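# Residue-level structural notes
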Amino acid sequence: MTIIVDQPQFENDGEEQKPNNGEESGLVLDGGFCIPNTNSFGHNFRDYKIESERQKGVENFYRTNHINQTVDFVKRMREEYGKLDKVEMSIWECCELLNQVVDESDPDLDEPQIEHLLQTAEAIRKDYPNQDWLHLTALIHDLGKVLLHPSFGELPQWAVVGDTFPVGCAFDKSIVHSKYFMENPDYNNSNYNTKCGIYLERCGLDNVMMSWGHDDYMYLVAKENGTSLPSAGLFIIRYHSFYALHRSEAYKHLMNEEDVENLKWLQIFNKYDLYSKSKVRVDVENVKPYYQSLIDKYFPAKLRW
Ligand SMILES: O[C@H]1[C@H](O)[C@@H](O)[C@H](O)[C@@H](O)[C@H]1O
Ligand SMILES: [Fe+2]
Ligand SMILES: [Fe+2]
């Protein structure tokens with residue numbers, strides 16, 4: 001594991017970094033980051049087939065998730081949490097609040113959530129020192145998990161964490177533990193169970209309803225609070241759990257051209273999100289001033305959640 005945890009010295013020319021697609025800038029997808037062979041438990045990453053107590057819990061999690069994430073449920077959640085009337089707090093306060101929640105869907109993570117945020121952000125910062133928006137995106141990508149906290153109504157795990165997928169069209173086989181979709185009421189609904197379902201081909205992911213969880217919620221919070229993060233940053237936040245798309249290439253027929261461009265950044269980001277989960281602790285106080293400066297640049301001091 002090669003994450004440098006001491007505050008790295010980067011030259012910052014203070015210039016706004018515009019995202020572009022990987023091809024134009026000649027970005028290499030592996031940016032020098034070293035992918036470890038095993039997770040904190042000594043297993044392969046995202047191996048959902050291993051026989052273990054933890055995996056039983058994860059499988060049970062996905063069963064409930066796949067049964068309950070329906071078009072109706074997503075509509076209700078979007079409406080309720082779109083009000084942003086639950087809490088008022090800063091981004092950093094939310095990072096700290098997140099330490100009080102546990103993600104039961106994750107077979108790889110065994111650290112407090114803030115460790116994961118900073119490990120991801122520091123690893124990506126090392127390889128892409130000039131893309132400050134990407135560092136901040138990494139820091140905040142999982143903040144939507146505060147939906148598990150009592151001050152947000154303490155939503156159940158299945159409504160907050162785990163991989164996401166579109167609702168309103170057929171569930172793809174590549175989704176983790178996809179057999180449990182057979183028990184989802186939308187599974188037999190002929191409006192919802194075809195390749196495009198209620199959507200048009202190439203309609204753009206912005207027009208597609210994703211299963212409700214921390215991705216879509218954090219996207220909404222960032223957008224509605226007027227963030228100046230570029231569209232690629234918002235795309236990463238919104239679709240980082242959509243493994244069926246960014247790993248298995250399912251649902252590509254729903255993307256428009258902007259999605260295709262943004263997907264390149266998501267695929268870069270994913271490696272850091274997934275493989276930086278390690279026992280190497282980040283010195284939070286040491287790196288906080290840097291991340292606070294990014295928060296000040298891209299967000300208001302207080303946000304509505
Ligand atoms: O279990 C994990 C975890 O909940 C992550 O935050 C999410 O982004 C992943 O997609 C999921 O597999
Ligand atoms: Fe996540
Ligand atoms: Fe994450």
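Values in this document were obtained by computation on a predicted structure and should not be read as measured data. (Residues numbered from 1 in each chain as written. Chains lettered and ligands numbered in written order. Predicted model: local features only at pLDDT ≥ 70, side-chain atom pairs only at ≥ 80, totals over all residues. Heavy atoms only, no water.)

### Overview of the coordination of the iron ion (ligand 3)
Only His-116 (NE2), His-141 (NE2), Asp-142 (OD) and Asp-273 (OD) from the protein reach the iron ion (ligand 3) as donors, at distances of 2.2 to 2.3 Å. Geometry at the iron ion (ligand 3) is irregular, judged from the four donor atoms that bind it and their angles of 83 to 171° at the metal. Donor residues for the iron ion (ligand 3), ordered by position in the chain, follow H-x24-H-D-x130-D. Residue His-141 is classed as buried on the basis of its relative accessible area, which comes to 0%. (Donors = N, O, S within 2.8 Å, 3.2 Å for Na, K, Ca; no water. Tetrahedral: all angles 85-135°; square planar, octahedral: opposite > 155°, others 65-115°. Buried < 20%, exposed > 50% of the residue type's maximum accessible area, 1.4 Å probe, protein only.)

### A look at the site of ligand 1
Every one of the 15 residues lining ligand 1 counts as a neighbour, but Asp-103, Ser-105, Lys-145, Asp-163 and Ser-241 are closest to it. Ser-105 is positioned such that a nitrogen or oxygen atom in its side chain is 2.6 Å from an oxygen atom of ligand 1. Contacts to ligand 1 include Asp-163, whose side-chain N or O atom sits 2.5 Å from an oxygen atom. Notes on ligand 1: free accessible area 300 Å², of which the protein chains cover 97%. (Near = heavy atom within 4 Å. Polar contact = N/O pair within 3.5 Å; in protein donor to acceptor, adjacent residues only side chain to side chain. Areas by Shrake-Rupley, 256 points an atom, 1.4 Å probe, with all protein chains shown as cover.)

### Quick notes on the coordination of the iron ion (ligand 2)
At this site the iron ion (ligand 2) is bound by Asp-142 (OD), His-214 (NE2) and His-240 (NE2), with donor distances of 2.0 to 2.2 Å. Counting residues between consecutive donors of the iron ion (ligand 2) along the chain gives the motif D-x71-H-x25-H. Here the iron ion (ligand 2) and the iron ion (ligand 3) are spaced 3.8 Å apart, linked through Asp-142, which binds each one. Remark: His-240 occurs in the loop between α8 (231–239) and α9 (243–246) and Asp-142 occurs in the loop between α6 (132–140) and α7 (214–224); sequence separation between them is 98 residues. An identical accessibility class is assigned to Asp-142 and His-240; each is buried. (Helix = DSSP H or I, 4+ residues; strand = E, 2+ residues; numbered from the N terminus.)

### Points about the UniProt feature "binding site: substrate" (unreviewed entry) in the chain
Cross-referencing UniProt, the feature "binding site: substrate" (unreviewed entry) maps to Arg-46, Asp-103, Glu-104, Ser-105, Lys-145, Gly-162, Asp-163, His-240 and Ser-241 in the present numbering. For His-240, the contacting residues outside a window of four places in its chain are His-141, Asp-142, His-214, Asp-215, His-246, Leu-266, Phe-269 and Asp-273. Tracing the sequence through the fold places Ser-241 in the loop between α8 and α9. For Ser-241, a relative accessible area of 4% puts it in the buried group. Not counting residues up to four positions away in its chain, the partners in contact with Ser-241 are Gly-162, Asp-163, Thr-164, His-214, Asp-215 and His-246. (UniProt positions renumbered as here; feature names shortened; annotations may be inferred. Contact = heavy atoms within 4.5 Å.)

### Description of the pattern of salt bridges
Tallied over the entire structure, the rule returns 21 salt bridges. Where Lys-56 meets Glu-53, a salt bridge forms, and the shortest distance between an N and an O atom there is 2.9 Å. Taken together, the residues Lys-56 and Glu-53, both in helix α2 (residues 53–68) and three residues apart, mark about one turn of the helix. Glu-93 is paired through a salt bridge with Lys-302; the nearest N and O atoms lie 3.1 Å apart. Of this pair, Glu-93 sits in helix α4 (residues 91–98) while Lys-302 sits in the loop between α11 (284–298) and β2 (303–304), and the two are 209 residues apart along the sequence. The network of salt bridges with common partners includes Arg-78, Asp-206, Asp-216 and Arg-238. (Salt bridge = Lys/Arg side-chain N within 4 Å of Asp/Glu carboxyl O.)

### Topic: the side chain of Arg-46
Checked against the element boundaries, Arg-46 lands in the loop between α1 (22–25) and α2. The class for Arg-46 is buried, based on a relative accessible area of 18%. There is a polar contact of 3.1 Å between the side chain of Arg-46 and the side chain of Tyr-48. Separated by 2.5 Å, the side chains of Arg-46 and Asp-163 make a polar contact.

### Here's the deal with the nonpolar core
Within the largest apolar cluster, 98 residues are counted, with the highest numbers of intra-cluster contacts made by Ile-91, Leu-139, Ile-140, Leu-143, Tyr-217, Phe-299 and Trp-305. Residue contributions to this core peak at eight residues, all from helix α10 (residues 257–275). Those residues within four positions of Leu-139 in sequence are excluded, and the remaining contacts are Trp-92, Cys-95, Leu-117, Leu-118, Ala-121, Tyr-291 and Ile-295. (Core = buried A, V, L, I, M, F, W, Y, C linked by side-chain atoms within 4.5 Å.)

### So, unusual backbone geometry
With phi around 50°, Leu-84 is a residue other than glycine that occupies positive phi space. Here Leu-84 is to be found in the loop between α3 (71–82) and β1 (88–89). We note that Tyr-251 has phi near 65°; this positive angle belongs to a residue other than glycine. Assignment of secondary structure puts Tyr-251 in the loop between α9 and α10.

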